[in-house]
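Chain by chain, the residues run as shown.
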Amino acid sequence: QVQLVESGGGLVQAGGSLRLSCVVSGNIFALNAMAWYRQAPGKQRELVAHISSGGTTRYPDSVKGRFTISRDYAKNTVYLQMNSLKPEDTAVYYCNARVVVTTTIHENDYWGQGTQVTVSP
């Protein structure tokens, strides 16, 4: 019904930057809040950035001032600009979207497949 496809991960040195993208497609009636999460080996998945349907953003202290989430409403796409990357940012990054689907007009939670971000010292 709904697919989330992430791109932009890779290997970068500490202090570098990466930009992740996530395109949402399918039976979309409305695309509400979107977010990026990450999961490092042996750790729980954690929120790194959230953007509401109205564009309000929030971040945990660990990435505040370094990461920026944005969205393109026309393209059903959410971005994560990551600057001043640190080795502790190494993780698989997942896109999340709250989508109202056309078939039921109910809001459901969808996830992308994840993209690896590796930051070398």
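Structure's up top.
Calculation notes
- Residues numbered from 1 in each chain as written.
- Predicted model: local features only at pLDDT ≥ 70, side-chain atom pairs only at ≥ 80, totals over all residues.
- Heavy atoms only, no water.
- Helix = DSSP H or I, 4+ residues; strand = E, 2+ residues; numbered from the N terminus.
- Rg over C-alpha atoms; globule rule 2.2 N^0.38 Å.
- Buried < 20%, exposed > 50% of the residue type's maximum accessible area, 1.4 Å probe, protein only.
- Contact = heavy atoms within 4.5 Å.
- Areas by Shrake-Rupley, 256 points an atom, 1.4 Å probe, with all protein chains shown as cover.
- Lys, Arg positive; Asp, Glu negative; His and termini not counted.
- Charge placed at Lys NZ, Arg CZ, Asp CG, Glu CD.
- Polar contact = N/O pair within 3.5 Å; in protein donor to acceptor, adjacent residues only side chain to side chain.

A.B. asks: Can you help me understand the overall build of the protein in this one?
C.D. replies: On a plain count of helices and strands, the protein comes out with zero helices and 11 strands. Listing the helices and strands of the protein from first to last along the sequence gives β-β-β-β-β-β-β-β-β-β-β. Over its C-alpha atoms the protein spans a radius of gyration of 14 Å, differing by no more than 12% from the 14 Å that the globule rule assigns to 121 residues. The buried share among the 121 residues of the protein stands at 40%. Relative to all contacts within the protein whose residues are 6 or more apart in sequence, the contacts with residues 24 or more apart total 55%. About 6200 Å² of surface is accessible on the protein, with carbon and sulfur atoms providing 49% of the total. Looking at the protein, you have 11 positive and 8 negative side-chain charges, and the mean spots of the two groups are 2 Å apart.

A.B. asks: How should the environment of Gln-44 be read in this particular structure?
C.D. replies: In this fold, Gln-44 is placed in the loop between strand S4 (28-39) and strand S5 (46-51). Gln-44 sits in the exposed class, given a relative accessible area of 74%. Other than its neighbours up to four places away in sequence, Gln-44 contacts Arg-38 and Gln-39.

A.B. asks: What should I look at first to understand the side chain of Arg-38 in this one?
C.D. replies: Note that Arg-38 resides in strand S4. According to the relative accessible area criterion, Arg-38 is buried, its value standing at 6%. Within polar-contact distance, the side chain of Arg-38 engages the side chain of Glu-46 at 2.7 Å. Only 3.0 Å separates the side chain of Arg-38 from the side chain of Tyr-93, close enough to count as a polar contact. Residues in contact with Arg-38, not counting those within four places in the same chain, are Gln-44, Arg-45, Glu-46, Val-48, Ser-62, Val-63, Phe-67, Glu-88, Asp-89, Ala-91, Val-92 and Tyr-93.

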